[in-house]
Amino acid sequence: MKLGMVFEGGANRTVFSCGVMDVFLEEGIMPDYFIGVSAGIAYGVSYLAGQKGRNLEVIENYIADKRYMGVRYLFNKKEKAYYNTKFVFDEVPNELIPFDYAAFERYPGKVEAAVTNIHTGTAEYVEVPRGRDMRDVLVASCSLPVLFPPVKLGRHYYLDGGIADSIPYEHAFGEGCDKLLVVLTRERGYVKTAERAVKITNSLYRKYPKVVEALETRPERYNACMEQLRELETQGKVFVIAPEDMYGVGRTETDTIKLRRLYDEGCRIAEEQMGVLREYLAR
């Protein structure tokens, strides 16, 4: 059996997934293949490195820190991103709350990040490097339109993977996974609507009509994806974990009390579903 895991993004909402990941570590559940989108991969690497509690430590200690994110960075000519990428992706993992690169390198499975090619508007799935050079891949997958500039990987520029493929379960099946565990950051029944910033994104990326089209059609594609997932779950082909309550947490939430509550929600739901999950994995 080849177990795959797919982690949806959602910026700071992904603290829910961090709770799920920590329960998986407690229970000794580790995939053969892992793909994450946006914050799903940014937080996912700590899980794959076996660093239980590291994501929560980052969230509780630094997410409300003025060095972490804010409009000042978005309008900074050098940064041009709402999140202070130098602090988030360099100083935190390399100095303040060290990421265990050696443990991540020992992880025997395949790890990929979903990104969106700004020229084609389509998803690409990039293997995550096992050293400090993972940085650019993680930033690219997290590069939300407007809040981040496009990131260059190789010869092309990329934005957040969720634009083209929010929940890449089809790609995971294509990687040969027999069992698939999908962790969402939206409640069951959530219906995506058009982004409020659609006019801004259309103007900002007018030179890239394919990515503008992908942004405009994202709600329809996302909702269709959720319908397909529900059908696959009914058929027993995938196992889905989703929050029951978001506690008002948004993409850029900095209230650590709300964030801890959502982390605890991830722990609770993962623990409650553990018996059924083990039955699914044993079939």
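Look up: the structure comes first, before these words.
Described in the following lines is the structure provided in the data block. (Residues numbered from 1 in each chain as written. Predicted model: local features only at pLDDT ≥ 70, side-chain atom pairs only at ≥ 80, totals over all residues. Heavy atoms only, no water.)

## Some remarks on unusual backbone geometry
A negative phi angle is the norm for most residues apart from glycine, just as the trans form is the norm for most peptide bonds. For Ala11, which is not a glycine, the phi torsion comes out positive at approximately 50°. Inspection of the secondary structure puts Ala11 in the loop between β1 (3-7) and α1 (15-27). Backbone geometry at Val146 places phi at a positive 75°, although glycine is not the residue there. Note that Val146 resides in the loop between α7 (135-142) and β5 (151-153). Using a relative accessible area of 27% as the deciding quantity, one classes Val146 as partly exposed. (Helix = DSSP H or I, 4+ residues; strand = E, 2+ residues; numbered from the N terminus. Buried < 20%, exposed > 50% of the residue type's maximum accessible area, 1.4 Å probe, protein only.)

## A few points about the packing of aromatic side chains
This structure, assessed with the given rule, holds 12 aromatic pairs. An angle of 20° between the planes, with centres 5.1 Å apart, marks the rings of Phe7 and Phe34 as stacked. Here the residue Phe7 occupies a position in strand β1, and Phe34 occupies one in strand β2 (residues 33-37), the gap between them amounting to 27 residues. Overall, the relative accessible area of 0% leaves Phe7 in the buried class. Ring centres of Tyr68 and Tyr83 lie 6.2 Å apart, and the angle between their planes is 70°; on these two criteria the pair is classed as edge-to-face. Of this pair, Tyr68 sits in the loop between α3 (54-62) and α4 (71-74) while Tyr83 sits in the loop between α4 and α5 (85-96), placing them 15 residues apart in sequence. In this pair, the class of Tyr68 matches that of Tyr83, namely buried. The rings of Tyr62, Tyr68, Tyr82, Tyr83, Phe87 and Phe148 are connected pair by pair, giving a single aromatic cluster. Taking NZ or CZ as reference, Arg130 lies 4.9 Å from the ring centre of Phe104, over its face. (Phe/Tyr/Trp six-rings, centres within 6.5 Å; stacked < 30°, edge-to-face > 60°. Lys NZ or Arg CZ within 6 Å of the ring centre and 35° of its normal.)

## Concerning the nonpolar core
Of all hydrophobic cores here, the largest spans 72 residues; its most connected members are Phe24 and Tyr68. When residues in this core are grouped by element, the largest group, 7 residues, is from α1. In this structure, Tyr68 is in contact with Tyr43, Val58, Tyr62, Ile63, Tyr83, Asn84, Phe87 and Val88, ignoring residues within four places of it in sequence. The next biggest cluster of nonpolar side chains, apart from the first, holds 19 residues, and it includes Ile35, Ile167, Leu180 and Ala242. (Core = buried A, V, L, I, M, F, W, Y, C linked by side-chain atoms within 4.5 Å. Contact = heavy atoms within 4.5 Å.)

## Side note on the side chain of Asp22
Within the secondary structure, Asp22 is located in helix α1. Lys52 is the oppositely charged side chain nearest to the buried, salt-bridge-free Asp22, at an N-O distance of 5.3 Å. A polar atom in the side chain of Asp22 sits 2.7 Å from the side chain of Tyr263. If we skip the residues at most four places from it in the chain, Asp22 touches Lys52, Gly53 and Tyr263. (Lys, Arg positive; Asp, Glu negative; His and termini not counted. Salt bridge = Lys/Arg side-chain N within 4 Å of Asp/Glu carboxyl O. Polar contact = N/O pair within 3.5 Å; in protein donor to acceptor, adjacent residues only side chain to side chain.)

## Let's talk about empty space enclosed by the protein
Per the counting criterion, the structure on display carries 1 cavity of 30 Å³ or more. Estimates place the volume of the largest cavity at around 130 Å³. Class assignment for the residues of the lining of the largest cavity results in 4 nonpolar, 5 polar and 7 charged. (1 Å grid on protein atoms, 1.4 Å probe; cavity = no way out; pocket = protein on both sides within 12 Å on 5 of 7 lines; lining within 4 Å. Points joined across faces, edges and corners; volume = space filled by probe spheres on them. Nonpolar A, V, L, I, M, F, W, Y, C, P; charged D, E, K, R; others polar.)

## Brief notes about the environment of Glu112
Following the sequence through the fold, Glu112 ends up in strand β3 (residues 110-117). Separated by 71 residues in the primary sequence, Glu112 and Ile41 place their C-alpha atoms 7.9 Å from one another. The residues touching Glu112, leaving out its near neighbours within four places in the chain, are Tyr33, Phe34, Ile35, Gly36, Ile41, Tyr125, Val126, Glu127, Val128, His171 and Glu175. A polar side-chain atom of Glu112 sits 2.8 Å from a polar atom in the side chain of His171.

## Remarks on the environment of Gly44
The residue Gly44 is located in helix α2 (residues 39-48) in this model. By relative accessible area, Gly44 is classed as buried at 0%.

## A closer look at the pattern of salt bridges
A side chain of one charge can pair with a side chain of the opposite charge if their charged atoms are brought near each other. Enumeration over the complete set of coordinates arrives at 15 salt bridges. Between Asp264 and Arg260 there is a salt bridge, and its shortest N-O distance comes to 3.0 Å. On the criterion of helical spacing, the pair formed by Asp264 and Arg260 is a turn pair, its members being 4 residues apart in helix α11 (residues 256-272). Taking the relative accessible area as the measure of exposure, Asp264 reaches 35% and is therefore partly exposed. On the basis of relative accessible area, Arg260 is assigned to the partly exposed category, the value being 32%. Linked through salt bridges whose partners overlap, the residues forming this network are Glu244, Glu265, Arg268 and Glu272.

## Observations concerning the pairing of strand β7 (residues 179-183)
Across the 5 residues that make up β7, a large majority, 5, are buried. With burial as the criterion, each face of β7 is covered, one bearing Lys179, Leu181 and Val183 and the other bearing Leu180 and Val182. Of the strand pairs in this sheet, β7 and strand β8 (residues 239-241) are connected by 3 bridges, and their pairing is parallel. Residue pairing across strands places Val182 opposite Val240, the latter belonging to β8. (Pairing = 2+ DSSP bridges.)

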